[in-house]
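# What the coordinates show
Given next are the chains, with one letter for each unit.
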Amino acid sequence: MITKASEATPWSDEVLEDYCKRYLQAVGARLLPSARGTLCTALPRDVDKELTDRPFYWMWVETMHETPPETVLFLTFRDDVEASAIPEACKIERIHAGSYRMQRIVASARQRGAFAVAYQRAPIVSPFVLMNVKVSYLSDRRLDRLESYLVDLRDYRIYHEAMSVLTETNLSDERPLETQILAVPMDFDQIFSLVKKTVQRTVALDDHTWSRDASQRLNRELRTLDDYYASLENTTRNPHSSETPETPEDIDPVPETLVTSFSRAAERELRRAELVWRGEPRVEVRPLQVGLLYLADVPEMIPEVNLD
Amino acid sequence: MYTYLEQDDLRRQLAERNDVPAGRWSLFVLAYEAELRSLCSACDQLSCLAVLPSLVPFAHQVQTARRVINELHGRALLADEVGLGKTIEAGLILKEYMVRGLVKKALILVPASLVLQWTRELNEKFGISAFAQRNEWSWSTYDVLVASMDTTKREPHRTAVLSQQYDLVIVDEAHKLKNSKTRNWQIVNQLRKKYLLLVTATPVQNDMKELFTLINLLRPGQLGNATTFASDHVKSKRSPKNPVALRSALAQVMVRNRRHQSDVDFTERIVEPISLQLSGPESQLYESVTRFIKDEYVRRKEKHRSILALITLQREICSSSYAAMGTLETMMKDKRLSTEEVIRLRELYHQAEAVPSYTKVNKVIELVSEINDKVILFTEYRATQDFLLYMLQQSGIKAVLYRGGYKRGKKDWMKDLFEHKAQVLIATEAGGEGINLQFCNQVINFDLPWNPMRIEQRIGRVHRLGQTRPVYIRNFATVGTIEEHMVTLLQDKIRMFELVIGELDVILGPRAFEQDLMATFMESQDSLEVRARLSAMARRVTVRADESAGSHVING
């Protein structure tokens, strides 16, 4: 299901339904039987709080030690749901990619999924750190990708494109009873520093035509701006000749003090700062997830990063 | 070559402990998948459409949004002709930037009457959590804020808003920024913003300088400075020197779609002049007032005094005696008048008061009953508006008013009432701004503005995207009056109502056009001369409109 970062499948109805089902299972929500293309679920309190925005309600419930009934959601991923399929007293929610409910489910998944600890079922396992990093190329537009790195804590060798392989690997949240863990010291400073350095190198080796184009464009814009202000040097503050007022807005002229307090120099600096803010090429590196994985060995098909 | 930034949030979260919190692997995978689907790719399509399944924009709207983001880098003048859905275009651009993570904080500046409409549309159509500005704290509380331009430019809001910085600022009805000496222009100029969208159907209303002033907010220097712009590009107030060069310079900061070029199917416009014969007393009143105006016109021209009040009075008497009475009363208070003049004005006032029945109003009542459907009645004057409301109600016709000066909630409320309870909406010019009334397809012009652009704005309220029926436009023309000439001029000569003005908006300037018209009416000896002069005016206008593509500079 997971492919390269550049090939993510879009949110179709089937994908949405599968995602929601897996989310609900993962957070411990009870799935009640429901028709094809729909999901009926009873939410545990902590999940309820994340999926609905009603903090005052919960404050009241908890202060009063009330036990309200479980919230039951009925989500549909098709337009043609039969009336008979809808449980009583349940509101139907048609879920699209932009739905408020879906946004909250995704936000909850992102927050809960920032960290993980998982084990491979094998006689002996040792720790690896998996880090997913978002790399963005930005100017007035943006290009993103996700980099996935796996660090073997035995020898601090680093591997990339790990995620797609690891999702196919059978991993469990609890340590299997028969599995032995090889204790290895974990130095997070070193781990982070290694990943950072690797990302830096990867980025440095990338094609940065985008950045050259952005810089050229920015410089051109700054030059146009500077030329414009230079050409005004010898003119008075308000180059526009007075207009005869036409509309009520016009008969609301700016008092001289307001005009002169925002000087031409200040205006130029503001315009320059805006151009730089918008167009300056920059690379943003944001680690998004850290996982501690106990694996038997480096999975096959994950290439090592060559740091030389 | 580029700035390199590393975000340390995750590291800080792990700082205290020396291990990783025990999260579930399945959620880790779900988080990764969600992240994958939210990445910005190199694709230049609009990714926001995937999260807006119930929005089906027109092709020209999608193309405009893509062009602004990919080629114009987020700073543009959206100048589509009336009725093509500029709000949708602006919304698409905002949503796309938000989905791409390039815009978080946005400010939308609109006329007061449109604040609630914009807020609602952004929330409902675009799933954007937008809020209407209410008090001083709004500025720092909400990420996406819709505010009235009038409120924003005054303290304490002005200081509050200038201390913020915005990823995107959208200004609706941006032609109000055409004069850099106004507070409107100053505040937009002083806002700290990354991206800027100026939205208006009429970037040039009177003078090419206005275009320069707007472009100067987007990209100073794009059209040179004021002096070089005038010398390089301006032949006369409304004529460009080098249309090709100007169009090329504008292409980097402006998008303008034309109705006839879009793939939108606009319904027909069916125009009907309603010829009315004034009653005896009404006729006499009209003659008396017009004679008075002609005399005054000559006198004032000699003394170089303003004739604006006379133009107003001449137009008002065509609208209703009630409207004229207001101006007559004001004129009577003028200290510069001689005793004879005051007596004369008083006589006219009494004559106006004494009119027993109103031909135009009776016709409205007759038409409204006949049409038996929703009708919008347009008039220039509030006095006429009040008068019509009273008269309609007396005849048992449910009507509501719409005009400037209403707070924004009230305008929405009036629109709702019109849609669901009343049969007639009586609107003045401010009613021409922004609101969409496509559920109605009947328009009656009780009187006409002398500015063709304003007529187009009126009709644009119903003849726009979403209108499913042909639009019927009835223009009242009282025989033997200026109104008759105006309707002929606009309807037949310039074919104002069938064509959309597009070609004419650079050429016609409302102020000059009005003064030309006044001169024609005042100086002509008889009806024949009036007709001849108006024909000549119309020919000048349409010839220039038909002239080589060069003159269609704004339109390309």
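These numbers were taken from a predicted model, which means no experiment stands behind them. Each residue is numbered by its place in its chain's sequence as written, counting from 1. The naming scheme follows written order: chains are lettered A onward, ligands numbered 1 onward. Predicted model: local features are reported for residues with pLDDT of at least 70 only, side-chain atom pairs are reported and counted for 80 or more only, and whole-chain, interface and lining totals are derived from all residues. Only hydrogens and water are removed before side-chain values are computed, so all heavy atoms of the structure are retained for them.

## A closer look at the overall build of chain B
Our working rule: Think of it this way: any DSSP run of H or I at least four residues long counts as a helix, any run of E at least two long counts as a strand, and we number them from the N terminus. Radius of gyration here uses only the C-alpha atoms, and the compact-globule reference equals 2.2 Å multiplied by the residue count raised to the power 0.38. Accessibility here uses a 1.4 Å probe with only protein chains present; expressed as a share of the type maximum, an area under 20% marks a residue as buried, one over 50% as exposed, and anything in between as partly exposed. By the convention used here, residues are in contact when the closest approach between their heavy atoms is within 4.5 Å. The Shrake-Rupley method, run with a 1.4 Å probe, gives the accessible areas here. Residue values count only the displayed protein chains as cover. Two residue types count as positive, namely Lys and Arg, and two as negative, namely Asp and Glu; His and chain ends fall outside the count. Charged groups are reduced to one reference atom each: NZ for lysine, CZ for arginine, CG for aspartic acid, CD for glutamic acid.
Of the regular secondary structure elements, chain B holds 23 helices and 16 strands. A compact globule built from 556 residues would reach a C-alpha radius of gyration of about 24 Å, and chain B, at 27 Å, matches this within 12%. Dimensions of chain B, computed from C-alpha atoms along their principal axes, come out at roughly 100 × 55 × 45 Å. When each of the 556 residues of chain B is scored for burial, the buried share is 61%. Taking the intrachain contacts of chain B between residues at least 6 apart in sequence as the baseline, contacts between residues at least 24 apart amount to 76%. Carbon together with sulfur atoms contributes 49% to the accessible area of chain B, which is approximately 22,000 Å² in total. Separation of charge centres in chain B, based on 76 positive and 66 negative side chains, amounts to 4 Å.

## Remarks on the overall build of chain A
If you tally the helices and strands in chain A, you get 9 helices and 11 strands. Residue burial in chain A is summarised as follows: out of 308 residues, 45% are buried. Pairs at least 24 residues apart make up 72% of the contacts formed inside chain A by residues separated by at least 6 positions. For chain A, the exposed area adds up to about 16,100 Å²; of that, 52% sits on carbon and sulfur atoms.

## Overview of the pattern of salt bridges
The line we're drawing: Salt bridges, as used here, are contacts in which a Lys or Arg side-chain nitrogen is within 4 Å of a carboxyl oxygen on Asp or Glu.
Summed over the entire model, instances satisfying the criterion amount to 59 salt bridges over all chains. Beyond isolated ion pairs, a larger network of salt bridges with shared partners links Asp18 and Arg22 of chain A together with Glu33 and Arg37 of chain B.

## Re the packing of aromatic side chains
For clarity, the threshold we go by: Pairing of aromatic rings covers Phe, Tyr and Trp, the last through its six-membered ring, and needs centres within 6.5 Å; plane angles under 30 degrees mean stacked, over 60 mean edge-to-face, and all others mean tilted.
Inspection of the entire model under this criterion finds 14 aromatic pairs over all chains. Taken together, a centroid distance of 6.4 Å and an interplanar angle of 20 degrees make the contact between Trp210 of chain A and Tyr2 of chain B stacked. Of the two residues, Trp210 of chain A is situated in helix H7 (residues 209-231) and Tyr2 of chain B in the segment before strand E1 (3-6); the pairing between them involves two chains. What makes Tyr2 of chain B partly exposed here is its relative accessible area of 23%. Three or more aromatic residues joined by ring pairs form one cluster here, namely Tyr137 and Trp210 of chain A together with Tyr2 of chain B.

## Comments concerning the interface of chain B and chain A
Definition in use: In this description, buried area is defined as the sum, over both parts, of the accessible area (probe of 1.4 Å) that is lost when the two are combined. Polar contact is defined as a pair of N or O atoms within 3.5 Å, subject to the rule that within protein one atom must be able to donate a hydrogen and the other to accept it, and that residues adjacent in sequence are counted only when both atoms are side-chain atoms. Residues are grouped as follows: Ala, Val, Leu, Ile, Met, Phe, Trp, Tyr, Cys and Pro are nonpolar; Asp, Glu, Lys and Arg are charged; all remaining types, including Gly, are polar. Any two strands between which DSSP finds at least two bridges are classified as paired.
Taken together, the 86 residues of chain B in the interface contact 102 residues of chain A. Taken over both partners, the interface formed by chain B and chain A buries close to 9,000 Å², and the fraction arising from carbon and sulfur atoms is 58%. Viewed at the interface, chain A and chain B are joined by 11 salt bridges. Arg11 of chain B is the partner of Asp189 of chain A in a salt bridge, and the nearest nitrogen-oxygen pair spans 2.4 Å. Applying the counting rule to chain B against chain A returns 34 residue pairs in polar contact (both at pLDDT 80 or more). The residue makeup of the side of chain B that touches chain A, split by class, is 35 nonpolar, 26 polar and 25 charged. Pairing geometry for strand E11 (residues 282-295) of chain A and E1 of chain B, over 4 bridges, is parallel. Its bridge partner lying in E1 of chain B, Arg282 of chain A is registered against Thr3 of chain B.

## What to know about the sheet that holds strand E15 (residues 442-445) of chain B
In any sheet, the strands associate via hydrogen bonds between backbone groups, in a parallel or an antiparallel arrangement. Residue and element names in this part refer to chain B. Rule in force here: Under this scheme, a helix contributes an axis fitted over its contacting stretch, all axes are lines through C-alpha atoms, and angles between N-to-C directions fall in the 0 to 180 degree range.
The parallel open sheet is built from 6 strands, whose spatial order is E11-E16-E15-E12-E14-E13. Of all the strands in the sheet, just strand E11 (269-276) and strand E13 (399-402) have a single pairing partner and so form its edges. Each strand of the sheet is rotated relative to its neighbour by a mean of 20 degrees, with strand direction disregarded. In the sheet, E15 pairs with strand E16 (residues 471-478) via 4 bridges, with the strands oriented parallel. By the bridge assignment, Gln442 is partnered in E16 with Tyr472. Sheet strands in contact with helix H17 (residues 359-371) are E11, strand E12 (375-378), strand E14 (424-427), E15 and E16, and its direction is about 160 degrees off that of E16.

## Quick notes on unusual backbone geometry
Residue Glu155 of chain B is joined to Pro156 of chain B through a cis peptide bond whose omega torsion reads 0 degrees. Relative to the helices and strands, Pro156 of chain B resides in the loop between helix H7 (149-152) and helix H8 (157-162). Despite not being glycine, His65 of chain A has its phi angle at roughly 55 degrees, a positive value. Residue placement: His65 of chain A occurs in the loop between helix H3 (55-63) and strand E3 (71-76). Owing to a relative accessible area of 69%, His65 of chain A belongs among the exposed residues under this scheme. One non-glycine residue, Tyr156 of chain A, adopts positive backbone phi at about 55 degrees. Relative to the elements of secondary structure, Tyr156 of chain A occurs in the loop between strand E7 (142-152) and strand E8 (157-160).

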